[in-house]
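Summary of structural features
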Amino acid sequence: MPAVTVENPLTLPRVAAPADAVARPVLTVTTAPGGFEGEGFPVRRAFAGINYRHLDPFIMMDQMGEVEYAPGEPKGTPWHPHRGFETVTYIIDGTFIHQDSNGGGGTITNGDTQWMTAGSGLLHIEAPPESLVMSGGLFHGLQLWVNLPAKDKMKDPRYQDIRGGQVKLLTTADGGALLRVIAGEFDGHEGPGITHTPITMVHATVRPGAEATLPWREDYNGLVYVLAGRGSVGADRRPVHTGQTAVFGAGSSLTVRADETQDGNTPDLEVVILGGQPIREPMAHYGPFVMNTKAELQQAFDDFQAGRLGTVPAVHGMSAGGM
């Protein structure tokens, strides 16, 4: 269950697409393949198989879990570099600790988001706290990569810790959906996340049988990823379920519906709705670096090998083998 919720959504500001909004058609629905990341935690590769022209400015997104760890099982990633983009880590359930080579870091848990602009580059690590490793427990989250335009790729790194209580909460006209605006502007409401690349990120909980037709900027692309549950998308009610991504075409509104009956362990339809202004620049992407040219990519690897992206700091309370 998402940590950030309200007892009565009808107390919240309401959003609805205007009557003359042009419905965005669903171009495709893809199913995320499973895999493992870091030291072996399970992920779904949400954008696998989707043409980049539909994703731009997003690069990739992994759904981490949902997994119930036994004691001793929680895992993370080793130290690793990034350059040229932003990482957005959204923890729905559980706890992650972040540390980086610039001295930044902190703990995010239960609805918190850490927004890291890697920019010119750094090393970082994400790990479950020792208490979670010892006890086990529920872990569920997302990591989204957002591209940076060429003019911003070598900016100094920047960090934002967005607490769950800071997200903007909205609902639909009938209160059937709870909308958590994590970043960007949505129907005149601003989320707390500040982005170099203009995007909107919303986590929506849609009650069984409810429908949400939402206004969506025409200059943004439109993606809906199903975190949990079953429903449909678009005017033609394309079926979707956990681990699937719907790609929308042009228009000024998009529609998500929850099936009347959900699985026993998933009371509602949980989706992440994403849109952004396409950068439309050449992209050279390999591993942890996202640049514009192969020469810039090679320079990133050279800088990493030479230690110019930072060094692993002395360990104080976090294992260098953690996540």
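The subject of this paragraph is the pairing of strand β23 (residues 244–248). Most of β23 is tucked away, with five of its five residues classed as buried. By the alternation rule, side chains of β23 split into Gln244, Ala246 and Phe248 and Thr245 and Val247, which are all buried. Strand direction decides the pairing type here: strand β2 (residues 26–31) and β23, joined by five bridges, are antiparallel. What sits directly across from Thr30, in β23, is Thr245. Examined bridge by bridge, strand β20 (residues 222–228) and β23 share four bridges and lie antiparallel to one another. Each bridged residue has a counterpart across the sheet, and for Gly222 the counterpart in β23 is Phe248.

This model, assessed by the stated rule, comprises seven aromatic pairs. Relative to Phe139, the ring of Tyr69 has its centre 6.4 Å away and its plane inclined at 35°; by these criteria the two rings are tilted. With a gap of 70 residues between them, Tyr69 in strand β5 (residues 58–69) and Phe139 in strand β12 (residues 137–147) connect regions that are remote in the sequence. Considered together, Tyr69 and Phe139 belong to a single accessibility category, that of buried residues. Measuring from centroid to centroid gives 4.8 Å for Phe96 and Phe139, while their planes differ by 40°, and the two rings are tilted. Of the two residues, Phe96 sits in strand β8 (residues 95–100) while Phe139 sits in strand β12, which places them 43 residues apart along the sequence. Judged by its relative accessible area of 2%, Phe139 falls in the buried class. Every member of this aromatic cluster is reached through a ring pair, and the members are Tyr286, Phe289, Phe301 and Phe304.

On to the nonpolar core, then. If you look at the biggest cluster of nonpolar residues, it comprises 30 residues, and the most contacted ones within it are Phe47, Phe58, Met61, Leu144, Met201, Leu223 and Leu274. Broken down by secondary-structure element, the contributors of at least two residues to this core are β5, β7 (85–93), β12, β15 (177–183), β18 (199–206), β20 and β25 (269–276). Setting aside its immediate chain neighbours within four residues, Met61 contacts Arg44, Arg45, Ala46, Phe47, Leu142, Gln143, Leu144, Tyr225 and Leu274. If you look at the next biggest cluster of nonpolar residues, it comprises 27 residues, including Val202, Val256, Ala258 and Ile273.

With that settled, the discussion passes to the confidence of the model for the protein chain. Per-residue pLDDT for the protein chain averages 92, and the proportion of residues at 70 or more is 97%. Segment residues 316–323 is flagged for pLDDT under 50; beyond a separation of four residues in sequence, or across chains, it makes 30 contacts in the model.

With that settled, the discussion passes to the side chain of Thr197. Within the secondary structure, Thr197 sits in the loop between β17 (189–190) and β18. A polar contact of 2.8 Å, which involves the side chain of Thr197, links it to the backbone oxygen of Asn147. The residues touching Thr197, leaving out its near neighbours within four places in the chain, are Pro57, Glu86, Val146, Asn147, Leu148, Pro149, Gln277 and Ile279.

The strand order β6-β11-β8-β9 describes an open sheet built from four strands, whose pairing is antiparallel. Each having just a single partner strand, β6 (80–82) and β9 (105–109) make up the two edges of the open sheet. Along the sheet, successive strands turn relative to each other by an average axial angle of 30°, direction set aside. Strand direction decides the pairing type here: β6 and strand β11 (residues 122–127), joined by three bridges, are antiparallel. Bridging across to β11, His82 finds its partner in Leu122.

Cut-offs used in this document
- Residues numbered from 1 in each chain as written.
- Predicted model: local features only at pLDDT ≥ 70, side-chain atom pairs only at ≥ 80, totals over all residues.
- Heavy atoms only, no water.
- Buried < 20%, exposed > 50% of the residue type's maximum accessible area, 1.4 Å probe, protein only.
- Helix = DSSP H or I, 4+ residues; strand = E, 2+ residues; numbered from the N terminus.
- Pairing = 2+ DSSP bridges.
- Phe/Tyr/Trp six-rings, centres within 6.5 Å; stacked < 30°, edge-to-face > 60°.
- Core = buried A, V, L, I, M, F, W, Y, C linked by side-chain atoms within 4.5 Å.
- Contact = heavy atoms within 4.5 Å.
- pLDDT = per-residue confidence, 0-100.
- Polar contact = N/O pair within 3.5 Å; in protein donor to acceptor, adjacent residues only side chain to side chain.
- Axes fitted to C-alpha atoms, helices over the stretch in contact; angles between N-to-C directions.

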